[in-house]
Amino acid sequence: MKLNKQKEFHDEVQFIAKISSYQNTFTKSEKKVSDFVQANMESTIYMTVTELAERIGVGETTVLRFCRKMGFKGYQSFKMAVTKEVAKSTHDVFDETNKEEFNEADEVHFIIQKALANNIQALKETVSIIDTSELEKAIDCIISSKRIVFYGVGVSGNTAADARDKFIRIGRFTEAFVDSHIQAMSATTLTKEDMAVGISVSGSTKDTVDALKIAKENGAKILSITHFTRSPITKISDIVLLTGGRETALQGGSMSAKIAQLFVIDMLCNGVASQLKDTALQFKEATAKAVADKAY
């Protein structure tokens, strides 16, 4: 019963007012976090705990302590509350500035154009932030590795499976694991001859990062595909490929983020195929023939 009352308090009290109510309990460093978040809520929802800490000039532990002091389990639950507040504010503004009703056709047209713009923007962002030298290193690493294992959960897990299927077509021995237990077991079997690829938009997905840590301890090369330069996943990576298409805590499974991930996978696969040339072509033909009779 006590927990339910606490939840109602979280839901009913406006977020800024809630932060203010805790102001006297914060340390000097925690007040820096409080001041920054209140002044920059829209940018906060896209930051990892590492980025937020560095931006403010405090340690990650200070940010986490600030979150817990306000009653949140951790940074992600705190960021979700910020995201809800930003979404609510945006919705209120939209309601005030759009008094004239859209007809159904206008609304559908807007949805189509918005989705198109978001996806195009994600691809453009990816092109602008991708490091070509890191891309070349990743391609060389995939070619020289005995095994390539992809790790991801949720939508990133689907991308991992897509990557596995794509590389199989050009003759690379690849695997993909989305279950945290199987990820951990798989990572323990990797060696210095192998490569582990972690896919995570936030770069803070615990299961994926934990699997990569195990793989690294066993000598495997680590490639991460993520949106955030400063995040837990990049700290343990040998190679980092950045993607566009940010997502908030309420947008898990953002299609634009997924498209950006697939775009990078496509770059990698095409890069490997161009290096392997005739060998890749032979495997493409062989795998195409293997499933030719599966279609009418």
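Along every chain, residues carry numbers that run from 1 in the direction the sequence is written. With the structure being a predicted model, the display of local features is reserved for residues of pLDDT at least 70 and the display and counting of side-chain atom pairs for 80 or more, all residues being used for whole-chain, interface and lining totals. Working from all heavy atoms in the structure, the side-chain values ignore hydrogens and water.

Enquirer: Just checking my understanding: could you explain the side chain of Ser 224 for this structure?
Expert: Numbering goes from the N terminus for both helices and strands, where a helix is a DSSP run of H or I of at least four residues and a strand is a run of E of at least two. By the element assignment, Ser 224 lies in strand β4 (residues 221–226). Exposure is judged per residue with a 1.4 Å probe applied to protein chains only, and the accessible area is read against the type maximum: over 50% gives exposed, under 20% gives buried, and values in between give partly exposed. Overall, the relative accessible area of 0% leaves Ser 224 in the buried class. Between N or O atoms, a polar contact is any pair within 3.5 Å; within protein, one atom must be a potential hydrogen donor and the other a potential acceptor, and residues adjacent in sequence are included only when both atoms are from side chains. At a separation of 3.0 Å, a polar atom in the side chain of Ser 224 contacts the side chain of Ser 237. Dropping the residues within four chain positions of it, Ser 224 is found in contact with Gly 198, Ile 233, Thr 234, Ser 237, Ile 239, Val 240 and Leu 241. Here, residues are in contact when the closest pair of their heavy atoms is within 4.5 Å.

Enquirer: Just checking my understanding: could you explain helix α10 (residues 155–168) for this structure?
Expert: In an α-helix, one turn spans 3.6 residues, which is why side chains three or four residues apart end up on the same side. Expected helix span is taken as 1.5 Å per residue step, with the number of steps being one fewer than the number of residues. The first and last C-alpha atoms of α10 sit 20 Å apart over 14 residues, in line with the 20 Å expected at 1.5 Å per residue. Those residues of α10 that sit buried are Ser 156, Gly 157, Thr 159, Ala 160, Ala 163 and Phe 167. Projected down its long axis, α10 shows its buried positions confined to an angular sector of 155°, all on one face. On its buried face, α10 sits against α9 (132–144), β1 (148–151), β2 (174–177), β3 (195–199) and α14 (255–276). Throughout, the arc means that of the directions going from the helix axis to the C-beta atoms.

Enquirer: Can you walk me through the packing of helix α5 (residues 49–56) against helix α6 (residues 60–69) in this structure?
Expert: Between two packed helices, the angle of one axis relative to the other and the distance separating the axes together describe the packing. Contact geometry of α5 with α6 gives a least axis separation of 8 Å together with a crossing angle of 105°. Considered as vectors, α5 and α6 are oriented roughly perpendicular to each other. Mapping the contact onto sequence places Val 49, Thr 50, Leu 52 and Ala 53 in α5 and Glu 60, Val 63 and Leu 64 in α6. Of the residues contributing to the contact of α5 with α6, the split by class is five nonpolar, one polar and one charged. Throughout, an axis means a line fitted to C-alpha atoms (over the contacting stretch in the case of helices), and angles, computed between N-to-C directions, take values from 0 to 180 degrees. Note that the term roughly parallel is reserved for angles under 35 degrees, roughly antiparallel for angles over 145, roughly perpendicular for angles of 65 to 115, and oblique for everything else. Amino acids are sorted into nonpolar (Ala, Val, Leu, Ile, Met, Phe, Trp, Tyr, Cys and Pro), charged (Asp, Glu, Lys and Arg) and polar (every other residue, Gly among them).

Enquirer: I keep staring at the pattern of salt bridges and nothing clicks. Help me out?
Expert: Opposite charge on two side chains lets them pair, provided their charged atoms get close. By definition, a salt bridge exists where a carboxyl oxygen of Asp or Glu is found within 4 Å of a side-chain nitrogen of Lys or Arg. If you walk through the whole model with that rule in mind, you get eleven salt bridges. Arg 65 is the partner of Glu 30 in a salt bridge, and the nearest nitrogen-oxygen pair spans 2.8 Å. Taken as a pair, Glu 30 in helix α3 (residues 28–39) and Arg 65 in helix α6 lie far apart in primary sequence, 35 residues in all. Overall, the relative accessible area of 40% leaves Arg 65 in the partly exposed class. Of the charged contacts in the structure, one is a salt bridge between Glu 30 and Lys 69, with a shortest N-O distance of 2.8 Å. Of the two residues, Glu 30 sits in helix α3 while Lys 69 sits in helix α6, which places them 39 residues apart along the sequence. Residues participating in the shared-partner salt-bridge network are Glu 30, Arg 65 and Lys 69.

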